[in-house]
Structures are given as structure tokens and as C-alpha cells.
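Letter by letter, the chains look like this.
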Amino acid sequence: MTALTITGGKTSILPGRGGFFGQLSDAFWRHPKLLLFLMLTPPLLWLGIIYIGSLIALLLQSFFSIDDFSGLVNTEFTLSTYAQLLNPANLDIIIRTLVMSALVTLAAALIGFPIAYYAARYAQGKWKALFYLGVMLPLWSSYLVKIYAWKLILAKEGILTWIFEKLYLSWLLDAALNLPVIGGNSLSVSYLGTFIVFVYIWLPYMILPTQAALERVPGNLIEASADLGATPRQTFRTVLLPLALPGIVAGSIFTFSLTLGDYIIPQIIGSSRLFIGQAVYAQQGTAGNVPLAAAFSVVPIVIMALYLWIARKLGAFDAL
């Protein structure tokens, strides 16, 4: 068996390498598409069977229903399970989750933008390394450890309550907890506490894409805007924000989708009212209503499909 090699601009014929691996290497050299096929087949099978296959199975189960008498799954095609999502209790869960996801995304953008702007425009050398360390460090610790740590911080006997007392601001904390919608006995059992923990957990996912987008903004554009008489507010609104918007939208993909499907944070911190993730867990695990759990699972998929389509139109994928 022989193989072609090019040396010094001349083509020569060398004898093929012996042994099984040598012959296999020669075969891959002669048929590069065979090598590509063998390399891509395992991950494509994993993606197609484990991920896409499970989503298809989930979608199919959402068109089944539960027999009210026997409690068994009826495999006849029906849309009655999706109609149950419009019941006041289920619709309230969906709306509650959407509102929380939108508020967390908005808060993460408002908090993360100044941090990202400073890192992109002013941080240099060791300060930029310190910035990346500060943003990434929370991601290195356990997800559950961070949540339980916040539960202790937000508890009625926690350090946050103690700080408010020392600053003589207990009245402000009590006023927030007395709000009928977001309050509770303490921050650890209120929507406000859930919101705070969501923002803390997902904030790095907003900062990093925003910082990447801001670094791509040429400094001379900002200087030109100022030279042409624009105020800082006008420069921000007409130059900086439009150019940084793809990064913000890219970050919002993470914060919105992760909040939309999370069930651990609301389970540990917050009131007894359910979010979509908790509803899926409860319907499948406790109630045994797999079709309704599947229908609830389809809701975030549809919402994120629309959200990703809008993000693509805004060029957010360029900032990922």
C-alpha cells in the first residue's frame, strides 16, 4: 500500500505504513469524509437520541391526558391537557414565572451594565484580571451552597436583618416585608428574597456578554460624539446603548431562560406559591400527572424559542 507525500514541492510515492493502525491512518487520509463521519456520529447520536429524542417524547406526552377515574395515562391524542394550562391556578403559575424572569433580567441588566462598562473602558492589567476573578469566582462555588447561604443571610435572624437594625433601618425592611405581593414573614420566605437570590446567581451571565460587547465599541466613536456636542446622556442613548444592545440581549438569554426553568431557588427561598419548574416537579413526582407536567415543560420551550428568534434578529448571538 502506498501514499502520496509532497516534499520540497515535489510529489513522491512512499510505501504505506504497516500494521492495523497504519492502514487505518492511510484509509482516513484517502477518505477524509469517513474520518469526519466517525468523529461527528457519536455527538450527533447523543444530541439526537438523548436530547432531541427526550424533547420529542415530552412533546408527545403533553398531548395525552389523565383518566380522572383510574388515574392512568390515556394515550389518545387530545388538547385537553393544554386547555388545563388556562385554568386560573395554572395560568397564575405561568404569569408569576414570566414576571419574575423579566424582572430578574431587567435588574441584572441595570446592575451589570455599569460593572461591564467599567471593566471594558477603564480596567487594565491586574484590575481587569481582578474583575474577571470577581465575576467568575461565585460560579466556582456550589449552586446549592450559595442558595442555602442566602437563606441564612435573608432569614429573620440573619445578618441582613442585623445590619438593618444597626443602621436603624428596620422600619424600611418591615415596610418591604409588609407589601402584599412581594413581602412575607422574612426575606427568606418572600418573593423579594427569591428575586434577590435570582439576581445574585445569574448576574455573572449578564455581565460577561455585556462586557464583551462594550469592548468592541471603538473609543473614537464616543469621543466623536462628545466633539459633535452630544451630552453624556445623548452619547449613551444614541451611540453606546445601541452598540452594546446585542451583548445585553445575549446576557438576557441566560438570565431569562435560567430563571424561567429554575425550581430549586423558589423551593428553598420564597413563598409556597409555585413557579413553572416547581409545577413540573410536583405534577410528575407528587401528583403523577405526567401529561400536565409535560405541557408545563413545553411552555418555557415555546417562550424561549420566540425569545431566541427575537435575540437573533437583534444580533445577540454575535456577542455570545
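Rules and cut-offs
Residues numbered from 1 in each chain as written. Predicted model: local features only at pLDDT ≥ 70, side-chain atom pairs only at ≥ 80, totals over all residues. Heavy atoms only, no water. Helix = DSSP H or I, 4+ residues; strand = E, 2+ residues; numbered from the N terminus. Rg over C-alpha atoms; globule rule 2.2 N^0.38 Å. Buried < 20%, exposed > 50% of the residue type's maximum accessible area, 1.4 Å probe, protein only. Contact = heavy atoms within 4.5 Å. Areas by Shrake-Rupley, 256 points an atom, 1.4 Å probe, with all protein chains shown as cover. Lys, Arg positive; Asp, Glu negative; His and termini not counted. Charge placed at Lys NZ, Arg CZ, Asp CG, Glu CD. pLDDT = per-residue confidence, 0-100. Salt bridge = Lys/Arg side-chain N within 4 Å of Asp/Glu carboxyl O. Phe/Tyr/Trp six-rings, centres within 6.5 Å; stacked < 30°, edge-to-face > 60°. Expected span 1.5 Å × (residues − 1). Polar contact = N/O pair within 3.5 Å; in protein donor to acceptor, adjacent residues only side chain to side chain. Core = buried A, V, L, I, M, F, W, Y, C linked by side-chain atoms within 4.5 Å. Axes fitted to C-alpha atoms, helices over the stretch in contact; angles between N-to-C directions. Parallel < 35°, antiparallel > 145°, perpendicular 65-115°, else oblique. Left-handed = near helix turned anticlockwise from the far one by under 90°. Patch = residues over 30% accessible without salt bridge, like charges linked within 9 Å, V, L, I, M, F, W, Y side chains within 5 Å.

## As for the overall build of the protein chain
From N to C terminus, the protein chain includes 14 helices and four strands. In terms of overall size, the protein chain is more extended than a compact globule, its C-alpha atoms giving a radius of gyration of 27 Å where 320 residues would be expected to give roughly 20 Å. Each principal axis of the C-alpha atoms in the protein chain carries an extent, and together these give about 85 × 75 × 40 Å. Expressed as a percentage of the 320 residues in the protein chain, the buried residues total 36%. Sequence-distant contacts, at least 24 apart, represent 67% of the contacts inside the protein chain between residues at least 6 apart. For the protein chain, the accessible area works out to roughly 19500 Å², and carbon and sulfur atoms hold 70% of it. Seen as two clouds, the 18 positive and the 13 negative side-chain charges of the protein chain have centres 13 Å apart.

## Comments concerning the confidence of the model for the protein chain
For any part of a model where pLDDT is low, the fine detail of the predicted coordinates should not be relied upon. Taken residue by residue, the protein chain gives an average pLDDT of 83. The fraction at 70 or more is 91%. Note that residues 1–12 has pLDDT below 50 and, in this model, 22 contacts with residues that lie over four places away or in other chains.

## A few points about the pattern of salt bridges
For the structure on display, the rule yields two salt bridges. Salt-bridge contacts for R96 lead to D92; the nearest nitrogen and oxygen are separated by 2.2 Å. With R96 and D92 both in helix α4 (residues 88–121) and four residues apart, the pair spans about one turn of that helix. Its relative accessible area of 37% is what places D92 among the partly exposed residues. Note that E215 is salt-bridged to K128, the shortest N-O span being 2.6 Å. Of the two residues, E215 sits in helix α9 (residues 191–215) while K128 sits in helix α5 (residues 126–140), which places them 87 residues apart along the sequence.

## A short note on the packing of aromatic side chains
Under the defined criterion, the tally for this structure stands at 14 aromatic pairs. Both rings, one in F63 and one in Y82, keep their centres 5.4 Å apart while their planes meet at 55°; by these two values the pair is tilted. Here F63, found in the loop between α2 (32–61) and β3 (65–66), pairs with Y82, found in helix α3 (residues 80–84); they are 19 residues apart in sequence, far enough to count as distant. On the numbers, 6.0 Å between centres and 35° between planes, the contact of Y118 with Y122 is tilted. Clustering of aromatic rings is evident, with ring pairs tying together F113, Y117, Y118, Y122 and F236.

## Topic: helix α14 (residues 290–313)
With 24 residues, α14 should cover 34 Å at 1.5 Å per step; its first-to-last C-alpha distance of 35 Å lies within 8% of that length. Here α14 starts with a cap whose side-chain oxygen sits 3.2 Å from the backbone nitrogen of L292, and that cap is N289.

## Here we look at the side chain of T235
Looking at the element boundaries, T235 is found in helix α11 (residues 232–261). Separated by 2.8 Å, the side chains of T235 and S225 make a polar contact. Setting aside residues up to four positions removed in sequence, T235 forms contacts with I222, S225, A226, A230 and L240.

## Regarding the nonpolar core
In this structure, M100, V104, L154, V197, F198, I265 and I269 are the most contacted members of the largest nonpolar core, which totals 20 residues. Contributions of two or more residues to this core are made by α4, α6 (143–154), α8 (170–177), α9 and α12 (264–268). The dominant element in this core, judged by the number of residues it contributes, is α9, at six residues. When near neighbours in sequence (up to four residues on either side) are disregarded, V104 contacts F195, F198, V199, W202 and T259.

## Quick notes on the packing of α2 against α14
Two numbers describe how α2 lies on α14: the axes approach to 8 Å, and their chain directions differ by 120°. Put simply, α2 runs oblique to α14. The hand of the α2/α14 crossing is left-handed. Contacts between α2 and α14 involve L55, L58, L59 and Q61 from the first element and V290, P291, A294, S297, V298 and I301 from the second.

## A few points about a nonpolar patch on the surface
On the surface, L35, L36, M39, L40, L44, L47, Y51, I52, L55, I56, L60 and I301 cluster together into a nonpolar patch covering about 1100 Å² of accessible area. Top element by residues in the nonpolar patch is α2. It accounts for eleven residues. Positionally, L47 belongs in helix α2. Taking the relative accessible area as the measure of exposure, L47 reaches 40% and is therefore partly exposed.

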